[in-house]
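Structural description and commentary
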Number of protein chains: 2
Amino acid sequence: MGLESFIDVSPDSHFPLENLPYGVFRPKTICRESSPEVATRPGVAIGDYVLDLSVIASAGLFDGPLLKDSRCFNQPSLNLFLELGRPAWKEARATIQKLLSVDDSTLQEDASLRKKSLLPMNDVEMLLPVEVGDYTDFFCSMYHTKNCGTIFRGPVNPIPQNWFQLPVAYHGRASSIIVSGTNIIRPRGQGHPTGSSPPYFGPTKKLDFELEMAAIVGPGNELGKSIDIEEAYDHIFGLVLLNDWSARDIQAWESIPLGPFLGKSFSTTISPWIVTLEALEPFACDAPKQDPHPLPYLSEKRRINYDIPLEVLVKPAGEELASVVTKSNFKHLYWTITQQLAHHTINGCNLRPGDVLGTGTISGPDKESLGCLLELTWNAQNQLDLNGTARSFLEDGDEVIFTGCCQGEDYKVGFGTCTGKVLPAISIDK
Amino acid sequence: MGLESFIDVSPDSHFPLENLPYGVFRPKTICRESSPEVATRPGVAIGDYVLDLSVIASAGLFDGPLLKDSRCFNQPSLNLFLELGRPAWKEARATIQKLLSVDDSTLQEDASLRKKSLLPMNDVEMLLPVEVGDYTDFFCSMYHTKNCGTIFRGPVNPIPQNWFQLPVAYHGRASSIIVSGTNIIRPRGQGHPTGSSPPYFGPTKKLDFELEMAAIVGPGNELGKSIDIEEAYDHIFGLVLLNDWSARDIQAWESIPLGPFLGKSFSTTISPWIVTLEALEPFACDAPKQDPHPLPYLSEKRRINYDIPLEVLVKPAGEELASVVTKSNFKHLYWTITQQLAHHTINGCNLRPGDVLGTGTISGPDKESLGCLLELTWNAQNQLDLNGTARSFLEDGDEVIFTGCCQGEDYKVGFGTCTGKVLPAISIDK
């Protein structure tokens, strides 16, 4: 039987006492009253409520040795808390789990503190949980890699030779990472010319989502010093859902020879709640066997993924209903998040608290488990039927909804949703 | 005749009254006394001195309408000043030029203020001038592009089709941008396997420099809104020298299909002084004619580069003398910095104050003007003779020195130097 909170948590909730994901929020009522910096603070989700960690800290309830004098919850981001590392994260989790438990009276029986610290989720606005120093996007699903290779380069050797030796990645754009619910403005750009004509210029004709998750980095490392793969776990605070919105026509034209740029940098959406690796531990599972065996710096004793069922829904413009377009799972990743992190630092590159490491599109083996429209419609060769509405790529007004949720015996550990609605491109004279 | 300062400025100085570049420094004596945040503040270079802008601000001498109530010079970075935009930059320049002029008595005749505000350059430590949100690296020299294409893909169509239509670029790593003088630790990583053997793993065997400059972004733009090319100039504060250190064996193996990653992210060095576009204006020159004509969003009325002669010197390990290995010039860039910036935002990507836009390696047309060892030694097919020492790529202990300086009629506007010394790779058990 699951842990029990004095707060009523529905069995379907993504946020029971076993989860306790971290986010950053602003009470909607406070928005107009005080400055945004003061009003913005970390919180933890419990059922349909948000526990205001700044209030808990100010009440002196973080009384463990590592957190009692810390200002980490009186901040507009989680970066300082992430920097403290796993011992502090464990201490915080134990404190919060105890405070919210039905067996503890501290919060349960203090009506005034309860009112101040527990806010209905509907009354708060969720913001980016971290200040992102750098965003890296990996390419770790073999199915996705094979499909993209086949679409763009043909069926002969669709997976590049290096892919089985290292987790391929590129640097992404940090400034345009946005929180779930923020609208996406259709980007403009250049697409491939036909024959000797000038390139196409205008709003992208191939707007896509990419179903990803991302690891949020904890303490990080000093420039010049690598993180050993056996220590990589302690540098990952938790996971979020990530939508790596992509303009396929812009990307295909610009990427030679230096990789994706404007086809990606217009927006990247993450879910507001960071689910910790502690909360995901019951859902750990073996990661796929690797052949060839990776080099020693990428070999780990315990190779784990997490069994996180993922879904993408698309609600077409003007329609009431969202249709499921794919069902995938985090467990399909060939390269683990610890391998990704160890590889990232092997050259001495420094990671900082709050850095975002995207997994790359998480496609599974079946045609129902493909993680983007490029794969699902085979670059618009086919169309999806969304409850009577046809789609090859996204149209203005379409809304994309990701969700991910682990199923325990009698509880869930979920990520909530990661959503975005497509707005038309801004017109210009040129 | 040049402007005259009451401070003695040698005719060879990079930093006369016509220049006034901005940086961030820490007095060496204060380092041990107060916290680094308090001690770190913006300054302007004048001859062999640094003018402490926090002291000038505190003395109430920034008395223009835009700066008189600003805290922008009481900051550990220039970001807030950059955000204010060109009118504030002009006001600051006029104030500083007047205060340092031989015709003004304010500072000249106040011995106490002079002593507090003018510090010998030898007594300060230069730090990163900006907090870098994002770093983008372009690929804007046609000569460099052609040479790299020929080396890696052969002499048939060495320049990709897209290159003449848009300024190709990739996202770089912001966390590992370091200031001139910081040592470079030789990165480790995977290199290309031969035949069916596992990939090489170890310290890079092909460590290179790349001679670049970078634009430092001013106000920037909101996500979703592009910057028109005719307004791009006002979003660029100034230029620095940039060494995009590269591990060619790591880069060549990892870059398919998503571009450079660990072959670049171990370190990127910038010079400490940002030379403003105002100071560079006398050295503006026509940029190369473009054929084909760019799309309207990249077409600008006045297409300018700057005539900035650049040099790279290498001082081999254990030697006393540095040898000049290349002489190039900023004016060789095919895509201007305003085109780079307009292109960067055409998809709605938001730029923030302090963002760094690298130009890409600035190679010229001659074999003496190639901007990296990859080109100079044609991927180690040849060796350079450095005053009796042979080099194909960089060895441990080698020091690389960039310098750039515009020559006026009787004064210079220079960038100082951008240097780094190579240290051996850190060994690990794995």
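Residues numbered from 1 in each chain as written. Chains lettered and ligands numbered in written order. Predicted model: local features only at pLDDT ≥ 70, side-chain atom pairs only at ≥ 80, totals over all residues. Heavy atoms only, no water.

The name an unreviewed UniProt entry assigns to chain A is Fumarylacetoacetase, from the organism Vanilla planifolia. UniProt annotates chain A under Sequence similarities (unreviewed entry) with the comment "Belongs to the FAH family." According to the UniProt record, the Catalytic activity (unreviewed entry) comment for chain A is "4-fumarylacetoacetate + H2O = acetoacetate + fumarate + H(+)". (UniProt positions renumbered as here; feature names shortened; annotations may be inferred.)

1. A short note on the relation of the copies chain B and chain A
In the superposition of chain B on chain A (RMSD 0.0 Å, axial shift 0.0 Å), the rotation amounts to 180°. Viewed as a symmetry operation, the transformation between the two copies matches a two-fold axis. Taking C-alpha positions as the reference, the residue of chain B nearest the rotation axis is G259 of chain B, at 2.2 Å. Both copies contact each other with a shared surface, as 100% of the interface residues of chain B are interface residues in chain A too. (Least-squares fit on C-alpha atoms with pLDDT ≥ 70 in both. Contact = heavy atoms within 4.5 Å.)

2. Some points on the pattern of salt bridges
Residues and elements named next belong to chain A. Summed over all chains, the structure comprises 40 salt bridges over all chains. Here E222 ties to K225 by a salt bridge, and the two come within 3.8 Å at their closest N and O atoms. R391 is the partner of E395 in a salt bridge, and the nearest nitrogen-oxygen pair spans 3.6 Å. Classification of E395 as partly exposed rests on a relative accessible area of 41%. Sharing partners across several salt bridges, the network here consists of D208, E210, D244, R248 and K264. (Salt bridge = Lys/Arg side-chain N within 4 Å of Asp/Glu carboxyl O. Buried < 20%, exposed > 50% of the residue type's maximum accessible area, 1.4 Å probe, protein only.)

3. A few points about the interface of chain B and chain A
A common way to express how large an interface is: the accessible area buried when the components associate. Between chain B and chain A, the residue contacts involve 67 residues of the former and 67 residues of the latter. Buried surface at the junction of chain B and chain A, both sides included, amounts to about 5900 Å², of which 61% is carbon and sulfur. It is H171, L258 and F261 of chain B that lose the most area in chain B upon contact with chain A, and together they represent 14% of the buried surface on that side. Where chain B touches chain A, the interface holds four salt bridges. Across the salt bridge formed by R173 of chain A and D355 of chain B, the nearest N and O atoms sit 2.7 Å from each other. (Buried area = accessible area lost by both parts, 1.4 Å probe.)

4. Let's talk about the UniProt feature "domain: Fumarylacetoacetase-like C-terminal" (unreviewed entry) in chain A
Per the UniProt annotation, the sites labelled "domain: Fumarylacetoacetase-like C-terminal" (unreviewed entry) are residues 139-422 of chain A. End-to-end, the C-alpha atoms of residues 139-422 of chain A are 25 Å apart, and along that stretch the chain is 13% helix and 31% strand. (Helix = DSSP H or I, 4+ residues; strand = E, 2+ residues; numbered from the N terminus.)

5. Some details on the packing of aromatic side chains
Aromatic ring pairs are described here by two measures, namely the spacing of the ring centres and the angle between the planes. All names here are of chain A. Tallying each qualifying case throughout the model produces 32 aromatic pairs over all chains. Aromatic pair W163 and Y334: ring centres 5.1 Å apart, planes at 40°, arrangement tilted. In this pair, W163 sits in the loop between α6 (142-153) and β7 (169-171) while Y334 sits in the loop between β21 (323-329) and α9 (337-345), placing the two residues 171 residues apart along the sequence. When the centroid spacing of 5.7 Å and the interplanar angle of 85° are considered together, the rings of F164 and Y334 count as edge-to-face. Highlighted residues: F164 in the loop between α6 and β7 and Y334 in the loop between β21 and α9, separated in sequence by 170 residues. In this structure Y334 comes out as buried when scored by relative accessible area, which is 6%. Ring pairing ties together the aromatic residues Y22, F62, F73, F81, W89 and F237, which thus form one cluster. (Phe/Tyr/Trp six-rings, centres within 6.5 Å; stacked < 30°, edge-to-face > 60°.)

6. Let's talk about the side chain of S265 of chain B
When you line up the elements, S265 of chain B lands in the loop between α7 (248-254) and β16 (268-270). We classify S265 of chain B as buried; its relative accessible area is 2%. A distance of 3.0 Å separates the side chain of S265 of chain B from the side chain of N347 of chain A, its partner in a polar contact. (Polar contact = N/O pair within 3.5 Å; in protein donor to acceptor, adjacent residues only side chain to side chain.)

7. Digging into empty space enclosed by the protein
Tallied over the full model, the rule gives six cavities of 30 Å³ or more. There is about 60 Å³ of room inside the largest cavity. Lining the largest cavity are I185, R186, P187, R188, A425 and I426 of chain A together with G224, K225, S226, I346, N347 and G348 of chain B. Partitioned by chemical class, the residues of the lining of the largest cavity number five nonpolar, four polar and three charged. Here the second largest cavity is characterised by a volume of approximately 50 Å³. Among the residues forming the lining of the second largest cavity, the class breakdown is four nonpolar, four polar and two charged. (1 Å grid on protein atoms, 1.4 Å probe; cavity = no way out; pocket = protein on both sides within 12 Å on 5 of 7 lines; lining within 4 Å. Points joined across faces, edges and corners; volume = space filled by probe spheres on them. Nonpolar A, V, L, I, M, F, W, Y, C, P; charged D, E, K, R; others polar.)

8. Some points on the sheet that holds strand β3 (residues 49-52) of chain A
Residue and element names in this part refer to chain A. One open sheet holds the five strands; their spatial order is β4-β3-β2-β1-β5, and the pairing between them is antiparallel. The sheet terminates laterally at β4 (118-120) and β5 (124-127), the two strands that pair on one side only. The sheet shows a mean angle of 45° between the axes of neighbouring strands, direction not considered. Pairing analysis gives four bridges linking strand β1 (residues 22-27) to strand β2 (residues 41-46), with the strands arranged antiparallel. In the strand pairing of β2, V24 is matched with P42. Contacts from helix α4 (residues 86-100) reach β1, β2, β3 and β4, with the element oriented near 60° to β1. (Pairing = 2+ DSSP bridges. Axes fitted to C-alpha atoms, helices over the stretch in contact; angles between N-to-C directions.)

9. Topic: unusual backbone geometry
That bond from I256 of chain A to P257 of chain A is cis: its omega, -5°, falls within 30 degrees of zero. Mapping P257 of chain A onto the fold places it in the loop between α7 (248-254) and β16 (268-270). With omega at 5°, the peptide bond leading from D291 of chain B into P292 of chain B counts as cis. On the secondary structure map, P292 of chain B appears in the loop between β18 (284-286) and β19 (304-306). Despite not being glycine, N157 of chain B shows a phi value in the positive range, around 45°.

10. Considerations on the pairing of strand β3 (residues 49-52) of chain B
Two faces make up the sheet, and in a regular strand the side chains alternate between them. Residue and element names in this part refer to chain B. The sheet contact formed by strand β2 (residues 41-46) and β3 spans four bridges and is antiparallel. Looking across to β3, one finds that G43 is bridged to D52. Taking the residues that link successive antiparallel strands as the turn, the β2-β3 hairpin has two residues, and the phi of G47 there is positive, at about 55°.

11. Focus on the domain arrangement of chain A
Residue and element names in this part refer to chain A. Along its sequence, chain A is organised into domain 1 (22-127) and domain 2 (135-423). Taking only C-alpha atoms, the centre of domain 1 and the centre of domain 2 are 30 Å apart. Here domain 1 packs against domain 2, burying approximately 1500 Å² in sum over the two surfaces, 67% of which is carbon and sulfur. Sorting the residues of domain 1 by area buried against domain 2 places Y22, L82 and R86 first, and these three jointly supply 41% of that buried surface. Remark: the boundary between domain 1 and domain 2 carries two salt bridges. At the junction of domain 1 and domain 2, the tally comes to six residue pairs in polar contact (both at pLDDT 80 or more). Those elements that place two or more of their residues in the side of domain 1 that touches domain 2 are β1, β2, α3 (79-84), α4 and β5. For the side of domain 1 that touches domain 2, the class distribution of residues is 11 nonpolar, four polar and four charged. (Domains from an automatic or database assignment.)

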